[in-house]
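# Notes for the structure review
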Amino acid sequence: MAAAASRRPRLAVWKFSSCDGCQLSLLDCERELLAVAEAVEIAHFLEASSAVGKGPYDVSLVEGSITTPADAARIQRVRKASRTLVTIGACATAGGIQALRDTAELAELAGAVYPDPDWLEVLPRSTPIANHVRVDLELRGCPIDRGQLLTVIDALLHGRRPDLSTHSVCGECKARGTVCVLVASGTPCLGPITQAGCGALCPTWHRGCYGCFGPAETVNGASLSRHVLAGGAPASALLGPLRSFNVGAEPFRRTAARIEEEGGRT
Ligand code: SF4
Ligand code: SF4
């Protein structure tokens, strides 16, 4: 990663409702982190430093979903202060695991979790950043892949649009010669409908993909569920992963609803 010429681009990292795991992926870049720190001015990154530089920022990385009225107002300010806004992770791109609350009665859930839920001030749904402001680029995953993050930062610093795959995890299995766990051993796997980017991590370790990178560009959930259920797997083998980190992603939601409608064996 080449050092910048005159003024270093200013990078900001923001957190909304999230676990901080995606921001930690940036800190986890270890060897490359010094190069990043040399190439950009890290103007706002509370996970790493309490020093706060005022905007505008050249690149903002935004983690987390919008779940409160305060979040909804703050993301507008972040957008105004940012030239390029990149959302990072399943929370920011699909509402995250916290969107699970959208599948139940909010008041009931709040009452079960908090002794005094009247203090809670939340929006009815946990929504992705793109539902609120213009987003220039989305990085998927729970957490994001640090290699992808570095590729994106490098591309933005050099004025290029990063080349992010929108095909499925299956493409990555083929590219690295991983034997298909679904075909070879009947392991339920969301790889055919999940976006690439992780390097087919789970199938390479003989596990089915559970969809942490969210839906691929083209999703044929009906075909995948037919194949998996015909192989004798219970519907829960698909419903569980479809309703986890990316429960708020429409193609996953549709696929899960269809499995239930068709009365898959649980
Ligand atoms: S996407 Fe996953 S790792 Fe990233 S902040 Fe959300 S819960 Fe944490
Ligand atoms: S194979 Fe699937 S579950 Fe595993 S890391 Fe990749 S996208 Fe996530």
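## Some details on the overall build of the chain
The helix and strand inventory of the chain stands at 12 helices and 5 strands. A globule of 266 residues ought to have a C-alpha radius of gyration of about 18 Å, and the chain, at 20 Å, matches this closely. Counting every position in the chain, which comprises 266 residues, the buried fraction comes to 44%. For the chain, the share of sequence-separated contacts (at least 6 apart) that also reach a separation of at least 24 residues comes to 74%. Roughly 13,500 Å² of accessible area belongs to the chain as shown, and the carbon and sulfur atoms make up 55% of that amount. Mean positive and mean negative side-chain charge positions of the chain (27 and 27 charges, respectively) differ by 5 Å.

## Regarding the sheet that holds strand E5 (residues 137-139)
Spatially, the 5 strands line up as an open sheet ordered E2-E1-E3-E4-E5, and their pairing is parallel. In this open sheet, the two edge strands, each paired with only one partner strand, are strand E2 (41-45) and E5. The average undirected angle you get between the axes of adjacent strands in this sheet is 20°. As defined by bridge partners, strand E1 (residues 10-15) adjoins E2 across 4 bridges and the pair is classed as parallel. Looking across to E2, one finds that Leu 11 is bridged to Ile 42. Sheet strands touched by helix H3 (residues 69-81): E1, strand E3 (57-63) and strand E4 (82-88). Its angle to E4, the strand with the most contacts, is close to 130°.

Conventions used here
Residues numbered from 1 in each chain as written. Chains lettered and ligands numbered in written order. Predicted model: local features only at pLDDT ≥ 70, side-chain atom pairs only at ≥ 80, totals over all residues. Heavy atoms only, no water. Helix = DSSP H or I, 4+ residues; strand = E, 2+ residues; numbered from the N terminus. Rg over C-alpha atoms; globule rule 2.2 N^0.38 Å. Buried < 20%, exposed > 50% of the residue type's maximum accessible area, 1.4 Å probe, protein only. Contact = heavy atoms within 4.5 Å. Areas by Shrake-Rupley, 256 points an atom, 1.4 Å probe, with all protein chains shown as cover. Lys, Arg positive; Asp, Glu negative; His and termini not counted. Charge placed at Lys NZ, Arg CZ, Asp CG, Glu CD. Pairing = 2+ DSSP bridges. Axes fitted to C-alpha atoms, helices over the stretch in contact; angles between N-to-C directions.

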